[in-house]
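Chain by chain, the residues:
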Amino acid sequence: MPGGISYKIHLLYENVSKYWYFGDFGQFDYNLKMADKYLVEAKTLFEYKQYLLGYKALQKSDSYFVNIMPNLAKAEKNGKNALKKKAVLRKASQKHIEVLEKMELETPDTFIWQPEKALPTNLYLKRDIEKSIDIRRNNL
Amino acid sequence: MKNIMVYLYAIFLLLFSVFSYTFIDPNLMYLEDIYSGFAFDNRFITTFLYVIFISVFFIFYGSFVWLGLRKKLRFKDVFILVSITIGGLIFSYPAMLSYDIFNYITTSKVLFFYSENPYIIMPIEFVGETFLSFTHAANKIALYGPIWILLTGIPYVLGLGNFIITILSFKIFIALFYAATIIVIWKISKKIIPLILFAFNPLIIIETLVSGHNDIVMIFLVLLSFLLLIKKKIFLGTLFFVLSIFIKYTTILLFPVFLFMVWKTIRKKEFRLEKVFYYSSLLMIIAFLLSPIREEIYPWYAIWFLSFTFLIPEKKLLLYISIAFSFGLLFKYIPFMLSGTHAGITPLIKSIVTFVPAILVSFYIILKTKLWERIFSR
């Protein structure tokens, strides 16, 4: 979870490991894995009312999720049969939507995050969760 | 007499190559024109022929060692015989006893054809891939070290996308390492007996030149590393030692021996080669005996310790046990060959044939040398 130095090291490891997952299918695996991971992180942070961190995690999950489909398109362009991967993505999208819909029910529409020594941040949580759901719906 | 023996040996190897084609996998569409199904439909005859072939292989082995001991086999003769061995078996069917060569090729294809990381993507993920029908470890990520996978790029590219040429290319690639290992053994020992013991050992020949196992690559690199350390070349010795580890990881167990050699070299002190190879052999035997932790004791794992044992033939007990292992391990294929199943009593019989020859030889030597008398007289 965010906050500690070990989390920063972990983020560095995540960024480096992107290169280990080379190839179209490798990138598919990497982006899906990361999208899953950050969705779980967002869900947990939302449950603990850590909305700003949760919001950031959700945005990260979205940013990884949008990378998945282009990699499959690239795989097909490179002559690889991506039907099985597409089925995996469809199932993953359904599960993500299921989790996000549940999160939407338990989260306030908006939230003003007031840090101790900084300006407050307006978080439009419901709107952002809906945006995340829409991103996943594109793959159904 | 020696000439007749050479001709007989060449004919025998060609016959063994022909025999190997009775094992063609029914799913290997690239060889469907010569598929007979003989080995699967006539299990008893196949097993009987296999036993005969292996026995004759060992008779030739014993004869070559015998000729070597009587100084009737010189380096030139060994060179000719090695050439005959490679030539006679290079065209043999590689998946007669193990499907590993197909795994090597398919893993290589994942990296060099599909441009995917074989440590992440399994071959089975490529729907419609024709190699999947005969690749047995298609549902696993790469099992070997990165250096091996990178090296396989050479025979894979030389295969020009044609499966048959790729198979041949892999076999030639492995054969080159077999030949190179023989040269390194010669350079280290400068004696004919270690050369003969290694070059004509039936297990080493079959598992390397027929099945095309990569263990020989790992062993070549570690022996080359040791040769370089003997010549006080620490950097190159270290480099090849590391390369060897990243073929199949097993040689990491030789790290204490490697460290000992480096330390002695730095301190400008001499070290006894006999000791180096004796402990290397023992460490490789430990790795061999521990392999059931990962999977099981496969016959080709014996190459790990045989290579070192044959460099110190004066260690008789170790030598005879090693040869007995190489004999028993080749018979380990028989229970499956005969029954067609890995279940039931097959694993038990496999264990018996693996260990019984070595145990019998140990008892024989202990009794012959009256080792027990020495032990109890203390």
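These figures come from a predicted structure and were not determined experimentally. All residue numbers refer to position in the chain's written sequence, counted from 1. To read the labels, note that chains go from A and ligands from 1, taken in the order they are written. The predicted nature of this model means local features are confined to residues of pLDDT at least 70 and side-chain atom pairs, given and counted, to a pLDDT of 80 or more, with totals for whole chains, interfaces and linings taken over all residues.

Brief notes about the overall build of chain B
Helices and strands together make up the secondary structure of chain B, namely 19 helices and 0 strands. With C-alpha atoms as the basis for the radius of gyration, the globule rule is written as 2.2 Å multiplied by the number of residues raised to the power 0.38. For chain B, whose C-alpha radius of gyration is 21 Å, the value lies close to the compact-globule estimate of 21 Å for 378 residues. For chain B, the C-alpha atoms occupy an extent of roughly 65 × 45 × 45 Å along the three principal directions. The long-range fraction of contacts in chain B, counting pairs at least 24 apart against all pairs at least 6 apart in sequence, stands at 70%. The way it works is that DSSP assigns letters per residue, a run of H or I at least four long becomes a helix, a run of E at least two long becomes a strand, and they are numbered from the N terminus. For every residue pair, C-beta atoms are placed from the backbone, and the pair is scored as a contact if these atoms sit within 7 Å.

Topic: the overall build of chain A
When you go through chain A residue by residue, the secondary structure sums to 5 helices and 2 strands. Taken along the three principal axes of its C-alpha coordinates, chain A extends 55 × 35 × 20 Å. Considering only intrachain contacts with a sequence separation of at least 6, the fraction spanning at least 24 residues in chain A is 60%.

Some remarks on the environment of serine 133 of chain B
Residue and element names in this part refer to chain B. The residue serine 133 is located in the loop between helix H5 (100–112) and helix H6 (146–151) in this model. In this scheme the burial state of a residue depends on its C-beta neighbours within 10 Å: 20 or more other such atoms mean buried, 12 or fewer mean exposed, and anything in between means partly exposed; the C-beta positions come from the backbone. Among the residues examined, serine 133 registers 13 C-beta atoms within 10 Å and is labelled partly exposed. Distance in space between the C-alpha atoms of serine 133 and tyrosine 320 is 41 Å, their sequence separation being 187 residues.

Points about the interface of chain A and chain B
Accessible area lost upon the coming together of the parts serves often as the stated size of an interface. Chain A puts 11 residues into the contact, and the matching count from chain B is 10 residues. Those elements giving two or more residues to the side of chain A that touches chain B turn out to be helix H2 (24–47) and helix H4 (83–106) of chain A. In terms of residue count, the dominant contributor to the side of chain A that touches chain B is H2 of chain A (3 residues). Amino acids outside the nonpolar list (Ala, Val, Leu, Ile, Met, Phe, Trp, Tyr, Cys, Pro) and the charged list (Asp, Glu, Lys, Arg) are all regarded as polar, and Gly is one of them. For the side of chain A that touches chain B, the class distribution of residues is 5 nonpolar, 3 polar and 3 charged.

Observations regarding the confidence of the model for chain B
Chain-level pLDDT for chain B is 94 on average; 97% of the residues reach the 70-or-more range. Two numbers describe this predicted complex: its pTM, 0.91, and its ipTM, 0.87. As a per-residue measure, pLDDT tells how confident the predictor is, with possible values from 0 to 100.

Observations concerning the confidence of the model for chain A
Across chain A, the average pLDDT comes to 91, with 99% of residues at 70 or higher. Within chain A, no element has a lower average pLDDT than strand S2 (residues 121–123) of chain A, which sits at 82, and none a higher one than H2 of chain A, at 96.

Re the packing of helix H1 (residues 2–20) of chain B against helix H3 (residues 43–69) of chain B
Packed helix pairs are characterised by how far apart their axes lie and by the angle those axes make with each other. All names here are of chain B. Where H1 meets H3, the axes come as close as 11 Å, and the angle between the chain directions of the two elements is 150°. Between H1 and H3, the interaxial angle falls into the category roughly antiparallel. The way H1 lies across H3 gives a crossing that is left-handed. For the pair H1 and H3, the contacting residues are Lys2, Met5, Tyr9, Phe12, Phe16 and Phe19 in the first and Leu49, Phe53, Val56, Phe60, Ser63 and Leu67 in the second. In the contact of H1 with H3, the residues fall into 10 nonpolar, 1 polar and 1 charged. Only the contacting stretch of a helix is used when fitting its axis, a line to C-alpha atoms as for every element, and angles between N-to-C directions run 0 to 180 degrees. Should an angle fall under 35 degrees it is taken as roughly parallel, and over 145 as roughly antiparallel, whereas 65 to 115 is taken as roughly perpendicular and any remaining angle as oblique. With the far helix as reference, a near helix turned anticlockwise by less than a right angle produces a left-handed crossing, and one turned clockwise produces a right-handed crossing.

With respect to unusual backbone geometry
Look at lysine 71 of chain B: it is not a glycine, yet its phi comes out positive at around 55°. Located in the positive-phi region is lysine 268 of chain B, a residue other than glycine, with phi close to 55°.

Focus on the packing of H5 of chain B against helix H8 (residues 163–189) of chain B
Residues and elements named next belong to chain B. The geometry of H5 relative to H8 is characterised by a closest axis approach of 11 Å and an angle of 110° between their N-to-C directions. By the criterion of interaxial angle, the relationship of H5 to H8 is roughly perpendicular. Here Ile101, Tyr104 and Ile105 of H5 lie close against H8, whose contacting residues are Thr166, Ile167 and Phe170. Of the residues contributing to the contact of H5 with H8, the split by class is 5 nonpolar, 1 polar and no charged.

Some words on the environment of isoleucine 185 of chain B
By the element assignment, isoleucine 185 of chain B lies in helix H8. Sequence-distant contacts of isoleucine 185 of chain B, that is, excluding residues within four places in its chain, are made with Pro194, Leu195, Phe198, Leu223 and Leu311 of chain B.

Digging into H8 of chain B
All names here are of chain B. In a helix, the anticipated span is given by 1.5 Å times the number of residues less one. Spanning 27 residues, H8 covers 39 Å between terminal C-alpha atoms, matching the ideal 39 Å at 1.5 Å per step. The set of residues buried in H8 consists of Thr166, Ile167, Ser169, Phe170, Lys171, Ile174, Ala175, Tyr178, Thr181, Ile182, Val184 and Ile185. Residues of H8 that are buried in the fold lie against helix H4 (75–89), H5, helix H7 (153–158), helix H9 (192–199), helix H10 (202–210) and helix H11 (215–230). Following H8 by one or two positions, lysine 190 has its phi on the positive side, about 55°.

What about the nonpolar core?
Residues and elements named next belong to chain B. In this usage, the nonpolar core is the set of buried Ala, Val, Leu, Ile, Met, Phe, Trp, Tyr and Cys residues whose C-beta atoms join them within 7 Å. Counting residues in hydrophobic clusters, the biggest one holds 131 residues, and the most contacted among them are Leu221, Ala302 and Ile303. By residue number, the principal contributor to this core is H11, which donates 12 residues. Apart from residues lying up to four places away in sequence, isoleucine 303 is in contact with Ile204, Glu207, Asp215, Ile216 and Ile219.

Things to note about H10 of chain B
All names here are of chain B. Counting buried residues in H10 gives 9 out of 9 residues, a clear majority hidden from the surface. Regarding H10, the residues found buried are Pro202, Leu203, Ile204, Ile205, Ile206, Glu207, Thr208, Leu209 and Val210. Where H10 terminates, the next one or two residues include glycine 212, which has phi positive at roughly 70°.

Things to note about the environment of proline 146 of chain B
With respect to the element layout, proline 146 of chain B can be found in helix H6. Its 13 C-beta neighbours within 10 Å are what place proline 146 of chain B among the partly exposed residues.

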